[in-house]
Amino acid sequence: MGIALRGFRCKLANEFIMPNANNLSSQKMPPLEYKGIRKEDWKSFVDKILSEDFQQLDLRVTERKIDRSEAWLLVHRRKDGTYTPEVQQVAERISELRSQVE
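Residues numbered from 1 in each chain as written. Predicted model: local features only at pLDDT ≥ 70, side-chain atom pairs only at ≥ 80, totals over all residues. Heavy atoms only, no water.

## Observations concerning the overall build of the protein chain
Part 1 of the reasoning: The number of helices and strands found in the protein chain is five helices and zero strands.
Part 2 of the reasoning: For the protein chain, whose C-alpha radius of gyration is 20 Å, the value lies well above the compact-globule estimate of 13 Å for 102 residues.
Part 3 of the reasoning: If one aligns the C-alpha atoms of the protein chain with their principal axes, the spans along those axes are about 55 × 30 × 25 Å.
Part 4 of the reasoning: Sorting the 102 residues of the protein chain into buried and exposed places 16% on the buried side.
Part 5 of the reasoning: Within the protein chain, residue pairs in contact and separated by at least 24 positions form 36% of the contacts whose partners lie at least 6 positions apart.
Part 6 of the reasoning: Element-wise, carbon and sulfur atoms account for 55% of the exposed surface of the protein chain, whose accessible area totals about 8,500 Å². (Helix = DSSP H or I, 4+ residues; strand = E, 2+ residues; numbered from the N terminus. Rg over C-alpha atoms; globule rule 2.2 N^0.38 Å. Buried < 20%, exposed > 50% of the residue type's maximum accessible area, 1.4 Å probe, protein only. Contact = heavy atoms within 4.5 Å. Areas by Shrake-Rupley, 256 points an atom, 1.4 Å probe, with all protein chains shown as cover.)

This is how it looks when you write it as structure tokens:
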């Protein structure tokens, strides 16, 4: 459920808010396709997406592109920076191959 909600919010932001960021009058009401969104919820959502803090957060996320191997390592790494024994061999092999490429 959380992933679907995040995707929906992302869709709303990318399709309805960001393209019209300079035209605040067009963003006073929720899109007609989504009549279930209350006006006050839409207003707070628009305010959040257009806030300076959110824009800075978005820039930090999109600043750096990572490849699939780095993403795999990040996903499988524990909070303490180690890997489970099953993942350790694969992580070492990925690191080995990446060092050969660099």
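## Here we look at the packing of aromatic side chains
Part 1 of the reasoning: Within this structure, the stated rule accounts for three aromatic pairs.
Part 2 of the reasoning: On the numbers, 5.9 Å between centres and 45° between planes, the contact of W42 with F45 is tilted. Residue W42 and its partner F45 are both found in helix α2 (residues 39–50); the two are separated by three residues, about one turn of the helix.
Part 3 of the reasoning: Judged by relative accessible area, which is 2%, W42 ranks as buried.
Part 4 of the reasoning: The buried category is assigned to F45, whose relative accessible area is 14%. (Phe/Tyr/Trp six-rings, centres within 6.5 Å; stacked < 30°, edge-to-face > 60°.)

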